[in-house]
Amino acid sequence: MTEIDGPIIIGKIINKLDNLTIDTSSYDEINEDIKENKNYSVRGFTYAIYEIKISEIIRGGSEVKTDHIIKIAIPVFLDATGPYKKDLKGVFIISNFTSPLLKEYYQTSRFGFLYITDDSYVLGAYPNKLSEDYSGVSLEFFKNEIKKYFKD
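Residues numbered from 1 in each chain as written. Predicted model: local features only at pLDDT ≥ 70, side-chain atom pairs only at ≥ 80, totals over all residues. Heavy atoms only, no water.

1. Description of unusual backbone geometry
Next, step 1: One non-glycine residue, aspartate 67, adopts positive backbone phi at about 75 degrees.
Next, step 2: Assignment of secondary structure puts aspartate 67 in the loop between β2 (45–59) and β3 (69–75).
Next, step 3: Its relative accessible area of 53% is what places aspartate 67 among the exposed residues.
Next, step 4: Of note in the backbone geometry, serine 120 takes a positive phi value of approximately 65 degrees without being a glycine. (Helix = DSSP H or I, 4+ residues; strand = E, 2+ residues; numbered from the N terminus. Buried < 20%, exposed > 50% of the residue type's maximum accessible area, 1.4 Å probe, protein only.)

Shown next as structure tokens:
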């Protein structure tokens with residue numbers, strides 16, 4: 001958690017846009033990263049795109065503002081396994097892409113999205129690998145813990 005350098009926001013998924021496929025063949029650094037870490041085709045890498053309306057900024061990032069709408073790009077293999085759906089409210093741990101091909105989008109990880117329930121609890125969007133159970137804490141406790149870790 002302490003290695004996170006991007007903003008941590010509360011927001012709502014307001015829209016699912018069309019998938020985006022990028023041709024990375026002319027970008028050597030991206031090609032090597034994809035080949036080494038993902039073993040995917042270098043020619044086309046597809047992302048699911050979601051719009052998120054920011055309702056609160058828990059931590060960081062002067063580039064994001066409350067009430068702004070941002071776009072996140074989720075690799076389709078991750079999107080197919082998970083929780084990203086219109087109208088869900090959550091905590092998003094986001095960062096900018098390093099690729100010039102995705103500069104208008106933010107990214108998050110499998111562990112960078114947490115549900116917020118109607119009764120204000122924060123739950124992992126994916127089960128705990130050890131127990132296959134979901135676990136959570138109150139939203140206020142979560143926000144206080146983040147503020148303890150990151151004294152911006």
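2. Description of the packing of aromatic side chains
Next, step 1: Considering all chains together, one arrives at 6 aromatic pairs under this definition.
Next, step 2: The ring of tyrosine 50 is capped by lysine 16, whose NZ or CZ atom sits 5.4 Å from the centre of that ring. (Phe/Tyr/Trp six-rings, centres within 6.5 Å; stacked < 30°, edge-to-face > 60°. Lys NZ or Arg CZ within 6 Å of the ring centre and 35° of its normal.)

3. Concerning the pattern of salt bridges
Next, step 1: In the structure shown here, the tally under the stated rule is 4 salt bridges.
Next, step 2: Across the pair lysine 143 and glutamate 56 runs a salt bridge, and its minimum N-O distance is 2.9 Å. Separated by 87 residues along the polypeptide, lysine 143 in helix α3 (residues 139–149) and glutamate 56 in strand β2 bring together distant segments of the chain.
Next, step 3: Its relative accessible area of 9% is what places lysine 143 among the buried residues. (Salt bridge = Lys/Arg side-chain N within 4 Å of Asp/Glu carboxyl O.)

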